Amino acid sequence: MTMPSVINLTEASLDQLRAFFDSFDIILSDCDGVIWYLEKPIPEAMKAVTMLQNIGKNLYLVTNNGTIRFNRYCEKMRQNGLDIKPDQVINSSKVISWYLKKIQFTGEAFVIGSAALQERLIEDGITVMRGPPKVYDDDVTGTLRAVQDQPSIKAVIVDFCPFFDWPKLALAITCLQRKDVLYICGAQDEWVVHGLNKKVIGPGPLISIITKYSGRTPIECAKPSEILRDYIMDTLDVKDPKRCLFIGDTINYDMKFGTMCGFQKLFVSTGLDSIENATLNESTRPDFYVPSLELLQPIINSLYNSTNGKGEN
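Nothing here was measured: the structure is a model prediction, and the numbers come from that model.

Caption draft 1: Up close: the UniProt feature "active site" (unreviewed entry) in the protein. Annotation from UniProt places "active site" (unreviewed entry) at Asp-30 and Asp-32. Under the relative-accessibility criterion, Asp-30 is labelled buried at 5%. Discounting residues that sit within four places of it in the chain, Asp-30 has contacts with Ile-35, Val-62, Thr-63, Lys-223, Ile-247, Gly-248, Asp-249 and Asp-254. A polar contact is formed between the side chain of Asp-30 and the side chain of Lys-223, at a distance of 2.8 Å. With respect to the helices and strands, Asp-32 occurs in the loop between β2 (26-29) and β3 (36-37).

Caption draft 2: Geometry of the UniProt feature "binding site: substrate" (unreviewed entry) in the protein. In this structure's numbering, the residues bearing the UniProt feature "binding site: substrate" (unreviewed entry) are Lys-223. Residue position: Lys-223 is located in the loop between β13 (219-220) and α9 (226-235). Given a relative accessible area of 6%, Lys-223 falls into the buried group. Leave out the neighbours within four places in its chain, and Lys-223 touches Asp-30, Val-62, Thr-63, Asn-64, Leu-228, Phe-246, Tyr-253, Asp-254 and Phe-257.

Caption draft 3: Just unusual backbone geometry, in detail. Cis geometry is adopted by the peptide bond preceding Pro-224, which originates at Lys-223 and carries an omega value of 0°. Mapped onto the elements of the fold, Pro-224 is located in the loop between β13 and α9. The residue Gln-104 is not glycine, and still its phi comes out positive at about 55°. Relative to the helices and strands, Gln-104 resides in the loop between α4 (92-102) and β7 (108-112). Of note, Asp-237 is a non-glycine position whose phi angle comes to about 50°, a positive value. Tracing the chain through its elements places Asp-237 in the loop between α9 and β14 (244-248).

Caption draft 4: Spotlight on the pairing of strand β12 (residues 198-201). Here strand β11 (residues 191-195) runs beside β12; their pairing, made up of four bridges, is antiparallel. Looking across to β12, one finds that Val-193 is bridged to Lys-199. Following β11, the chain reverses through two residues before pairing antiparallel with β12; Asn-197 in that reversal takes a positive phi of roughly 65°.

Caption draft 5: Structural detail: the pattern of salt bridges. All told, the structure shown has 15 salt bridges when counted by the stated rule. With a shortest N-O distance of 3.6 Å, Arg-178 and Asp-180 are connected by a salt bridge. On the accessibility criterion, Arg-178 (19% relative accessible area) is buried. The partly exposed category is assigned to Asp-180, whose relative accessible area is 49%.

Caption draft 6: View of the side chain of Arg-178. Along the chain, the position of Arg-178 falls in the loop between α7 (166-175) and β10 (182-185). Dropping the residues within four chain positions of it, Arg-178 is found in contact with Asp-149, Gln-150, Pro-151, Ile-153, Lys-154 and Arg-216.

Caption draft 7: Representation of a nonpolar patch on the surface. A cluster of nonpolar side chains, contributed by Val-135, Val-140, Leu-144 and Trp-166, occupies part of the molecular surface with about 390 Å² of accessible area. In this structure, Leu-144 sits in helix α6 (residues 140-146). Since its relative accessible area comes to 42%, Leu-144 is described here as partly exposed.

Caption draft 8: View of the sheet that holds β13. With parallel pairing, five strands are arranged side by side in an open sheet as β8-β7-β9-β10-β13. With one partner strand each, in any of the chains shown, β8 (127-128) and β13 form the two edges of the open sheet. Pairing analysis gives four bridges linking strand β9 (residues 153-158) to β10, with the strands arranged parallel. Considered in β10, the bridge of Ile-157 is made with Ile-184. Contacts between α4 and the sheet are confined to β9, β10 and β13, with β10 contributing the most and set at about 155° to the helix. Contacts between α7 and the sheet are confined to β7 and β9, with β7 contributing the most and set at about 140° to the helix.

Caption draft 9: Quick look at the environment of Thr-259. Along the chain, Thr-259 falls in helix α10 (residues 251-261). Taking the C-alpha atoms as reference, Thr-259 lies 6.6 Å from Ser-283; in sequence the two are 24 residues apart.

Caption draft 10: Local environment of the sheet that holds β14. Within the open sheet, the seven strands sit side by side as β1-β16-β15-β14-β2-β5-β6. Their pairing is parallel. Each of the sheet's edge strands pairs with one partner strand only, and the pair in question is β1 (7-8) and β6 (89-90). Of the pairings in the sheet, the one linking β14 to strand β15 (residues 264-268) comprises four bridges and is parallel in character. Bridging across to β15, Ile-247 finds its partner in Leu-266. Of the strands in this sheet, β14 and β15 touch α10, which is tilted by about 165° from β14.

Cut-offs applied
- Residues numbered from 1 in each chain as written.
- Predicted model: local features only at pLDDT ≥ 70, side-chain atom pairs only at ≥ 80, totals over all residues.
- Heavy atoms only, no water.
- UniProt positions renumbered as here; feature names shortened; annotations may be inferred.
- Buried < 20%, exposed > 50% of the residue type's maximum accessible area, 1.4 Å probe, protein only.
- Contact = heavy atoms within 4.5 Å.
- Polar contact = N/O pair within 3.5 Å; in protein donor to acceptor, adjacent residues only side chain to side chain.
- Helix = DSSP H or I, 4+ residues; strand = E, 2+ residues; numbered from the N terminus.
- Pairing = 2+ DSSP bridges.
- Salt bridge = Lys/Arg side-chain N within 4 Å of Asp/Glu carboxyl O.
- Patch = residues over 30% accessible without salt bridge, like charges linked within 9 Å, V, L, I, M, F, W, Y side chains within 5 Å.
- Areas by Shrake-Rupley, 256 points an atom, 1.4 Å probe, with all protein chains shown as cover.
- Axes fitted to C-alpha atoms, helices over the stretch in contact; angles between N-to-C directions.

This is the structure we're talking about:
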């Protein structure tokens, strides 16, 4: 069976472009590799997202970056021209906290993650183990004692952590030997993009160590997970997934998640993956493509600011 072709918006006809913009009300966009690299904006892409919001699309940013402090994040966006509120930003820390409250979790959580993730959980009433395991260079017995199972721990939560070391790995694996301990993870990205064609190892390979040696499968709360899908459908009150457009730069995270949710998918080439690879598999194949979001600017201007287009709408 022949797969439908991906529509390159820079080569689309006027009728195709009108149909595209009329086909969605909600935009869910990845951040890193799409509108910025870590915290460095891709300026023209940021302007394009602003324009999409200005023409009446409901915009949400969906990122696997659990290190975000939302007010600071939104302020950085405003400094670069995008007016966005904290409830428009969806990340793994927000989803993990939502899930724990949904299942009425009680008990202590051992968290391998950023300060922002831990703060979020504490603010939402989750008890978090204070401090990392205390280990000693010259006391092997004391060190081993520090990473033994702690009965008060009822959940191990793992996300991106800049201090992801042996004591944390060992304690997590030890606690997860008890089957009543929840194993929850956020981002499992193999790579972190920090510039065009620039990347460093992400949290995924380290989380894989815990998964392998604990023999447990984590409850996933970041892209491309069912928990994140449920969060979006519930909190955004999505009535028709086909009226949502997901924008991303990765095949196994963004495009896979868009397919899982039944969203339309727009792929950009400013991040990790190429459009050539994105089109190889029907399950992750995007519906639309644009090399960079900045190229949407002239398209939007022609449709919405021209007296010959849809400028009066």
